[in-house]
Structure formats: C-alpha cells, structure tokens
Amino acid sequence: MADQVKHPQALGPANSSLFTAMLSGAVIPMALSAPVIVLGFWITRSARGGLASLLGVCVAVVFFASGLYVMKRVTNANPLSVLAGAMAVYLGQVIFLGLVIVSLSSANWLDGTAFGLSILAVALVWQLSQIRAFMHLRKPVYDQTGDEHAPDRPL
C-alpha cells in the first residue's frame, strides 16, 4: 500500500467558500460605510439627496453582490475560465451601472449627483474590500502530487 501513488484531484468546481469569504469581506465594510455615505448626502443635499443616495447604495450593492453570485455559479477551477468569467462579470457590471446612471440622470425626482456619487463610493469601497479579502485568503498555489516522500532529485 505504501507504493501506491496519490494522483492529484481532477479540476472541479471552484471552492464556494472562496466566494463566500470575498462576499463577507466586501459586505461588512460596505455595511459600515453605507450609512456614512447616505447620511453625508442627506446632510449636504437634503432629504432628496439622501434618498437618492440610499437608492444608489442599494443598486450598487445588489449589482456587486450578484456579480459574486454569478462568479460562484459559472466558474470552475480552470484559471482561464475564472479570468474570463471575472472580466465578463466586471464589464457587465460597469456597463449596466453606467446605463442605470445615464437613464436616471434626467429624472427630475432624483438627485442625480447624489445617486451617481453614491454608486461611485460603493464601487470603490466594494472593490477595495473584495480585493483585500481575496488577498487574505489561504489558497493553494499548486497541486500536491503525492510524491513528497520521493528521494531528493538534483535541481
């Protein structure tokens, strides 16, 4: 039995705990900064600005959280598909948020400045928090082949 070689596991679905850790790493700072963003616009731009800011925060959080959800569902451990999926999701988020901002910028009932700046603030906080969470994850860098007890080989 000792001479059996362990084979590396086949590539499978991406580890969903990675996406869960990234989501919680982004949601917690967002939950702390969202009231500050909304309150800042409520004070500086009245109730109309505060409500527009609240709408902007909600729209941006839903889109960024849904992006992580989509990534969790469509990617596998193949690095090229993960990269392609991440780029497609991010590009889709940026385009859709841009369309939302442009379509609501002419709405008289909405303070467009507060709405747009709130989305920008959420995007910055979310992306930086998500990057920080990803950088602090413990991810294997290589597959273990099972030959860790093999005799030393010359370099």
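Residues numbered from 1 in each chain as written. Predicted model: local features only at pLDDT ≥ 70, side-chain atom pairs only at ≥ 80, totals over all residues. Heavy atoms only, no water.

Draft legend 1. The overall build of the protein chain, seen in detail. Helix and strand counts for the protein chain come out as three helices and zero strands. What you see in the protein chain, going N to C, is helices and strands ordered as α-α-α. Residues counted as buried form 27% of the 155 residues belonging to the protein chain. A separation threshold of at least 6 residues defines the contact pool for the protein chain, and within that pool the share at least 24 residues apart is 76%. If you sum the accessible surface of the protein chain, you get close to 10,800 Å²; carbon and sulfur atoms cover 69% of it. (Helix = DSSP H or I, 4+ residues; strand = E, 2+ residues; numbered from the N terminus. Buried < 20%, exposed > 50% of the residue type's maximum accessible area, 1.4 Å probe, protein only. Contact = heavy atoms within 4.5 Å. Areas by Shrake-Rupley, 256 points an atom, 1.4 Å probe, with all protein chains shown as cover.)

Draft legend 2. Layout of the pattern of salt bridges. Under the counting rule described, the total for this entry stands at one salt bridge. Of the charged contacts, one joins Asp111 and Arg45 as a salt bridge, the two residues approaching to 2.7 Å between their closest N and O atoms. Taken together, the positions of Asp111 in the loop between helix H2 (79-104) and helix H3 (112-135) and Arg45 in helix H1 (residues 16-74) put the pair 66 residues apart, joining distant regions of the chain. Given the relative accessible area of 36%, Arg45 is considered partly exposed. (Salt bridge = Lys/Arg side-chain N within 4 Å of Asp/Glu carboxyl O.)

Draft legend 3. Region of interest: the packing of H2 against H3. Packing of H2 against H3 leaves a shortest axis separation of 10 Å and a crossing angle of 165°. On the basis of the axis angle, H2 is roughly antiparallel to H3. The two elements H2 and H3 cross, and the hand of that crossing is right-handed. Contact with H2, carried on its side by Tyr90, Leu97, Val100, Ile101 and Leu104, involves Phe115, Ile119 and Gln127 of H3 and no other residues of that element. (Axes fitted to C-alpha atoms, helices over the stretch in contact; angles between N-to-C directions. Parallel < 35°, antiparallel > 145°, perpendicular 65-115°, else oblique. Left-handed = near helix turned anticlockwise from the far one by under 90°.)

Draft legend 4. Main features of the nonpolar core. Among the nonpolar cores identified, the biggest contains 27 residues, and Met30, Ile37, Val57, Phe64, Phe115, Val122 and Trp126 are the most heavily contacted of them. At 15 residues, H1 tops the list of elements feeding residues into this core. Contacts of Met30, omitting those with residues within four sequence positions, involve Ile37, Val61, Val122, Val125 and Trp126. (Core = buried A, V, L, I, M, F, W, Y, C linked by side-chain atoms within 4.5 Å.)

Draft legend 5. Layout of the environment of Trp126. Summarising the element assignment, Trp126 is placed in helix H3. Along the primary structure Trp126 and Val27 are separated by 99 residues, whereas in three dimensions their C-alpha atoms are 7.5 Å apart. The contact partners of Trp126, leaving out residues within four places of it in the chain, are Leu23, Ala26, Val27, Met30, Val61, Phe64, Ala65 and Leu68.

Draft legend 6. Molecular detail of the side chain of Gln130. As for its position among the elements, Gln130 is in helix H3. Taking the relative accessible area as the measure of exposure, Gln130 reaches 15% and is therefore buried. The residues contacting Gln130, other than those within four sequence positions of it, are Met22, Ala26 and Leu68.

Draft legend 7. Layout of the confidence of the model for the protein chain. Per-residue confidence for the protein chain gives a mean pLDDT of 78; residues scoring 70 or more make up 77%. When pLDDT is averaged over each element of the protein chain, H3 comes out on top at 89 and H2 at the bottom at 82. Scored below 50 in pLDDT, residues 1-14 makes 13 contacts in the model with residues more than four places away or belonging to other chains. (pLDDT = per-residue confidence, 0-100.)

Draft legend 8. Fine view of unusual backbone geometry. Phi is positive for Ser46, which is not a glycine, with a value near 70°. Mapped onto the elements of the fold, Ser46 is located in helix H1.

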